[in-house]
Amino acid sequence: MGQTIWQSMQQKGYSRREFLQFCSAAAVIAGLDKSSVGQVVSAFETQSRPAVVWMHFQECTCCSESFIRASHPTVIDVLFDVISLNYTETLMAASGFQAEKSLSDTIRDNKGKYIVLVEGSVPTAEDGVYCMIGGKSGESILQTVTADAAAVIAWGSCASNGCVQGAKPNPTSATPIHKLVDKPVINVPGCPPIADVMMGVVTHLLVLGQMPELDDIGRPKEFYGRRVHDTCYRRPNYDAGLFVEAWDDENARKGYCLYKMGCRGPVTYNACSVVKWNEGTSYPIQSGHGCIGCSEAGFWDNEPFYQHLPSFPGFGIESTADTIGATVGLVTLAGVAAHAVLTNVRKKSVIEEEHQDDQKE
Amino acid sequence: MSTPVIGAAAAKPVANELPADYKRIYVWEFPVRLFHWVTALSIAMLCVTGFLIGHPLHAFYAAEAYQQYWFGWMRFVHFASAFVLVAVSLVRLYWAFRGNQYASWRNFIPLTGAQWKSIWELITVEVLQIKKYGRYHVGHNAMAAFSYFILFLAFLFQTVTGLALYSNMSDARLTHVFNWVVPLMGGDANVRFWHHAVLWIFVLFIIVHVYLVFYDDYVEGGGEMSAMVSGWKFKRDKRED
Ligand code: SF4
């Protein structure tokens, strides 16, 4: 410990040139302009390597898988070399008591300075028996680990909003991290989040030593400020009213908008259509599949995915608000018609009575 | 004579030509009538465009996207009508405190026993038609007024959810007032869902409302339909002969 980032890079055999390349890339990723590269360089020459612990709770490791595929080779290599990833169940060599010790040492030696990355939600039902590590419940581990952390990042939809474990009826009471930890949490939702976005958030923390600007629900604005729909290259087709009507139709071949096929782009905040996946190769919509909104809270509950309107709660899979609305509308029309018949019968007798009265007078 | 009396001079009562005295009453003031028709128009536009936004028609064909913009226009009309509706609703809200007795907010929320009694009477006479005669209402009857209050709540809901959905496309300060709604309702998808579902309340309202206006004219002969144009209504006086 105590080593600066530059020192540790030298030890690993990086040249000064590579160090400067890394600094400029990191500055760009953190959203700084070229003139502030100097600032980054001096920060990395003086700052000590941050200790990082990566916790895994109820998750599928897709966030880790995504992260190690970040597209900027210099940055991701350096990040892995530079940060001292002291604990992560998936990738660490140590096991058993050795692993436990590494975690508790990190927490003890870096009080208030280490960064906690959390992957997965924490089940709170039945005292947390649904996710136990080393005989301790996920929640108690989370509380110990985050108590003295400098920053907490919730990786992925599980940690940010519960994702599939948190879908109805949520049998284990899977709970997102920000609801359990009483310090600000950076939410990086997505199933998984985009590798370059994850890298960007970590780099931002490292470079600037502070949280990126967050929106109302704790997501970094730079990546989650706009909807997939606003940056989608199929958007002109949407505005022109040119839609894919079936998966294998001519319109699909032409690349029309997938709105009618249930695309959740209009209600999903993410950077997919800008950053893209797998080193900028493509993203779901570009591959012809609508967005399923995997970075939105409760997206599993907005089924079916291939239909624009989700089904109406409590009325089965097939009924949308429209089928129910139309049915109630028809019933109302029938009621109105019946009432009209009744009215005519009554009106007839009213007219007769009035006339009799008048005749009597 | 301040109130014109119609038909008072008819000589001999013949069937369908009965003499009766009618009093002319100014019920719907100009802001109320304006609100009514602007609202009617914008709700019609909002329902049609709103439904089409949920279910885009496969009606217009173009080879390339730049050749047309109909879905964009559809959304524009929806947003524009929405802002018009919000504006006239604010005027109407002001008029609920400033206008005549028929426009007052007191009509719309059944707080008094008399209003509940009137609602009950309406159910027995007009809906179930168990009783033959009811009281004649010059302004809104208590039940109609209450239904407008419910409709107002639906307006409010659509305005709040609509602006919350709109805010991410707009820099206008006003639209960001309701940003908090989205996390509260669990994301844009849910907000959009409920915004769409509540559309049907308006459809149902239109069916019943239009029918009842015809019904009222047909049964009461109160000139309900023309009153919303002219503002005048006619009340049958007690006959003196
Ligand atoms: S494909 Fe989806 S995100 Fe793209 S324009 Fe259509 S609805 Fe929007």
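Rules used in this analysis
- Residues numbered from 1 in each chain as written.
- Chains lettered and ligands numbered in written order.
- Predicted model: local features only at pLDDT ≥ 70, side-chain atom pairs only at ≥ 80, totals over all residues.
- Heavy atoms only, no water.
- Helix = DSSP H or I, 4+ residues; strand = E, 2+ residues; numbered from the N terminus.
- Rg over C-alpha atoms; globule rule 2.2 N^0.38 Å.
- Buried < 20%, exposed > 50% of the residue type's maximum accessible area, 1.4 Å probe, protein only.
- Areas by Shrake-Rupley, 256 points an atom, 1.4 Å probe, with all protein chains shown as cover.
- Lys, Arg positive; Asp, Glu negative; His and termini not counted.
- Charge placed at Lys NZ, Arg CZ, Asp CG, Glu CD.
- Contact = heavy atoms within 4.5 Å.
- Buried area = accessible area lost by both parts, 1.4 Å probe.
- Salt bridge = Lys/Arg side-chain N within 4 Å of Asp/Glu carboxyl O.
- Polar contact = N/O pair within 3.5 Å; in protein donor to acceptor, adjacent residues only side chain to side chain.
- Near = heavy atom within 4 Å.
- Nonpolar A, V, L, I, M, F, W, Y, C, P; charged D, E, K, R; others polar.
- Pairing = 2+ DSSP bridges.
- Axes fitted to C-alpha atoms, helices over the stretch in contact; angles between N-to-C directions.
- Expected span 1.5 Å × (residues − 1).
- Core = buried A, V, L, I, M, F, W, Y, C linked by side-chain atoms within 4.5 Å.
- Domains from an automatic or database assignment.
- Patch = residues over 30% accessible without salt bridge, like charges linked within 9 Å, V, L, I, M, F, W, Y side chains within 5 Å.

(A) Summary view of the overall build of chain A. In terms of helices and strands, chain A carries 14 helices and 9 strands. Here the C-alpha atoms of chain A give a radius of gyration of 28 Å, more than 25% beyond the 21 Å that 2.2 N^0.38 yields for 361 residues. Along the three orthogonal principal directions, the C-alpha set of chain A runs to about 115 × 50 × 40 Å. For chain A, buried positions account for 54% of its 361 residues. Total accessible area computed for chain A in this model is approximately 16300 Å², and 56% of it derives from carbon and sulfur atoms. The average position of the 29 basic charges and that of the 40 acidic charges among the side chains of chain A differ by 6 Å.

(B) The arrangement of the interface of chain B and chain A in detail. If you look at the interface, chain B gives 54 residues, while chain A gives 55 residues. Overall, the association of chain B and chain A removes approximately 4600 Å² of surface from exposure, summing both partners, and the carbon and sulfur fraction of that is 56%. At the junction of chain B and chain A, the tally comes to 1 salt bridge. The shortest N-O distance in the salt bridge between Asp 239 of chain A and Arg 75 of chain B comes to 3.9 Å. Inspection of the region where chain B meets chain A yields 13 residue pairs in polar contact (both at pLDDT 80 or more). Top contributing element to the side of chain B that touches chain A by residue count: helix α6 (residues 188–220) of chain B, with 16 residues.

(C) View of the site of the ligand. Within the structure, the ligand sits among His 229, Cys 232, Arg 234, Arg 235, Tyr 238, Cys 257, Leu 258, Tyr 259, Cys 263, Gly 265, Pro 266 and Ile 285 of chain A. A class-by-class count of the residues in the shell around the ligand yields 8 nonpolar, 2 polar and 2 charged.

(D) Structural view of the environment of Asp 301 of chain A. All names here are of chain A. Along the polypeptide, Asp 301 turns up in the loop between α13 (272–275) and α14 (321–360). Take Asp 301: its relative accessible area is 31%, and that puts it in the partly exposed class. Considering only alpha carbons, one finds Asp 301 and Glu 119, 182 residues apart in sequence, at a separation of 21 Å. In terms of polar contacts, Asp 301 uses its side chain to reach the backbone amide nitrogen of Lys 168, at 3.1 Å.

(E) Structural view of the sheet that holds strand β9 (residues 185–188) of chain A. Residues and elements named next belong to chain A. The 5 strands lie next to each other as β2-β1-β3-β7-β9, forming an open sheet whose pairing is parallel. Bordering the open sheet on either side are β2 (84–88) and β9, each of which pairs with just one other strand. Across the sheet, the axes of successive neighbouring strands diverge by a mean angle of 20°, strand direction being ignored. Summarising the sheet, strand β3 (residues 115–119) and strand β7 (residues 151–155) pair through 5 bridges and their orientation is parallel. Bridge pairing in β7 places Val 118 opposite Ala 154.

(F) Representation of the environment of His 289 of chain A within the structure. All names here are of chain A. Structurally, the position occupied by His 289 is in the loop between α13 and α14. Take His 289: its relative accessible area is 29%, and that puts it in the partly exposed class. Between the C-alpha atoms of His 289 and Asn 302, which are 13 residues apart in sequence, the distance is 17 Å.

(G) How the structure looks around helix α6 (residues 96–109) of chain A. All names here are of chain A. If you check α6, its first and last C-alpha atoms are 20 Å apart, about what 14 residues at 1.5 Å a residue would give, namely 20 Å. Where α6 is concerned, the buried positions are Ala 99, Ser 102, Leu 103, Asp 105, Thr 106 and Ile 107. The secondary structure elements touched by the buried residues of α6 are β1 (51–56), β2 and α7 (138–147).

(H) Examining the nonpolar core more closely. Residue and element names in this part refer to chain A. Core analysis: the biggest nonpolar cluster contains 64 residues, and Phe 44, Ile 153 and Trp 155 have the highest contact counts within it. Of the residues forming this core, the biggest block, 9 residues, is contributed by helix α9 (residues 195–208). With sequence-adjacent residues up to four places away left out, Ile 153 is seen in contact with Val 116, Leu 117, Val 118, Ile 186, Val 188, Val 201, Val 202 and Leu 205.

(I) Just the pairing of β7 of chain A, in detail. Residues and elements named next belong to chain A. When you tally the buried positions in β7, you get 5 out of 5 residues, the bulk of the element. Relative to β9, β7 runs parallel, the two being bridged by 4 bridges. Each residue of the ladder has a partner; that of Ala 154, found in β9, is Asn 187.

(J) A look at the pattern of salt bridges. Residue and element names in this part refer to chain A. Scanning the entire structure with this criterion turns up 16 salt bridges over all chains. Linking Arg 235 and Asp 230 is a salt bridge whose minimum nitrogen-to-oxygen distance equals 3.5 Å. Between Glu 245 and Lys 260 there is a salt bridge whose closest N-O contact spans 3.1 Å. Placement of the pair is Glu 245 in the loop between α11 (235–240) and α12 (250–254) and Lys 260 in the loop between α12 and α13, with a sequence separation of 15 residues. Relative accessible area serves as the criterion here: at 29%, Glu 245 is assigned to the partly exposed category.

(K) Expanded view of the domain arrangement of chain A. In terms of domains, chain A is made up of domain 1 (5–222), domain 2 (228–302) and domain 3 (320–361). The centre of domain 1 of chain A, based on its C-alpha atoms, is set 68 Å off from the matching centre of domain 3 of chain A.

(L) Molecular detail of a nonpolar patch on the surface. Residues and elements named next belong to chain B. Together, Ile 206, Val 210, Phe 214 and Met 225 give the surface a local cluster of nonpolar side chains, amounting to about 320 Å² of exposed area. It is α6 that provides the largest number of residues to the nonpolar patch, a total of 3 residues. Within the secondary structure, Met 225 sits in helix α7 (residues 224–230). Given a relative accessible area of 31%, Met 225 falls into the partly exposed group.

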